[in-house]
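Chains, contacts and geometry: an overview
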Amino acid sequence: MSLGALTDFAARKWDNVIVGKMFGPSVAGTYNLAYNLAELPALQVGEPINDVLQVTYAHAPEGERENALRRSMAILALVMGPLAFGLAAVAQTVTLVVFPAKWSG
């Protein structure tokens, strides 16, 4: 599990090193904050729902697992799509309100 957590972290954060090397630590910090804000719906809403759904697949009858997967993907898209687009629509306002002006990129 530790190896899985490490590879998950590396897959999400490896590009920060490249951005930092190319553009400096100030831009890398802004880039990291923007990425974290964009990733918020997936991590805070999508992952817990997915964790619950994964357990239900194991208990579903053999022939119903494919349909259960399709239904869960549709439900996640129905929840996550508007959430992600809504956050994108208000992201600039949220960052202006939440973060100090010296952090604006």
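See above for the structure.
For the structure given in this document, a descriptive report is provided here. (Residues numbered from 1 in each chain as written. Predicted model: local features only at pLDDT ≥ 70, side-chain atom pairs only at ≥ 80, totals over all residues. Heavy atoms only, no water.)

1. Some words on the overall build of the protein
From N to C terminus, the protein includes three helices and zero strands. Relative to the compact-globule value of 13 Å for 105 residues, the protein shows a C-alpha radius of gyration of 18 Å, a clear excess of over 25%. Oriented by its inertia axes, the alpha-carbon framework of the protein measures out at about 55 × 35 × 15 Å. Going through the 105 residues of the protein one by one, you find that 17% of them count as buried. Excluding contacts between residues fewer than 6 apart, the proportion of contacts in the protein whose partners are at least 24 apart in sequence is 53%. Total accessible area on the protein is roughly 8,000 Å²; 70% of this is exposed by carbon and sulfur atoms. (Helix = DSSP H or I, 4+ residues; strand = E, 2+ residues; numbered from the N terminus. Rg over C-alpha atoms; globule rule 2.2 N^0.38 Å. Buried < 20%, exposed > 50% of the residue type's maximum accessible area, 1.4 Å probe, protein only. Contact = heavy atoms within 4.5 Å. Areas by Shrake-Rupley, 256 points an atom, 1.4 Å probe, with all protein chains shown as cover.)

2. A look at the packing of helix 2 (residues 25-59) against helix 3 (residues 65-98)
Orientation of helix 2 relative to helix 3, taken along the N-to-C sense of each, is 165°, at an axis distance of 8 Å. It follows that helix 2 is roughly antiparallel to helix 3 by the angle criterion. You can see that helix 2 and helix 3 cross each other, and the crossing is right-handed. When helix 2 is examined against helix 3, the residues Leu37, Pro41, Ala42, Val45, Gly46, Ile49, Leu53, Tyr57 and Ala58 are found in contact with a partner set consisting of Arg65, Ala68, Leu69, Ser72, Leu76, Val79, Met80, Leu83, Ala84, Leu87, Ala91 and Thr95. Split into classes, the residues belonging to the contact of helix 2 with helix 3 amount to 17 nonpolar, three polar and one charged. (Axes fitted to C-alpha atoms, helices over the stretch in contact; angles between N-to-C directions. Parallel < 35°, antiparallel > 145°, perpendicular 65-115°, else oblique. Left-handed = near helix turned anticlockwise from the far one by under 90°. Nonpolar A, V, L, I, M, F, W, Y, C, P; charged D, E, K, R; others polar.)

3. Observations regarding the packing of helix 1 (residues 2-23) against helix 2
Contact geometry for helix 1 and helix 2: axes closest at 8 Å, N-to-C directions at 160°. In terms of axis orientation, helix 1 runs roughly antiparallel to helix 2. As for the relative orientation of helix 1 and helix 2, their crossing is right-handed in sense. For the pair formed by helix 1 and helix 2, the contact residues are Arg12, Lys13, Asp15, Asn16, Val19, Gly20 and Phe23 on the first element and Pro25, Val27, Ala28, Tyr31, Asn32, Tyr35, Asn36, Glu39 and Leu43 on the second. Taken together, the residues of the contact of helix 1 with helix 2 sort by class into eight nonpolar, four polar and four charged.

4. Thoughts on helix 2
Here helix 2 spans 48 Å end to end across 35 residues, near enough to the 51 Å set by a 1.5 Å rise per residue. At Glu39, helix 2 shows its largest bend, some 50°, and a proline, Pro41, comes one to four positions later. Among all positions of helix 2, only Ala28, Glu39, Pro41, Gly46 and Tyr57 are buried. (Expected span 1.5 Å × (residues − 1). Bend = angle between axes of the 7 residues up to and from the residue.)

5. Comments concerning the environment of Glu39
Among the structural elements, Glu39 can be located in helix 2. In this structure Glu39 comes out as buried when scored by relative accessible area, which is 11%.

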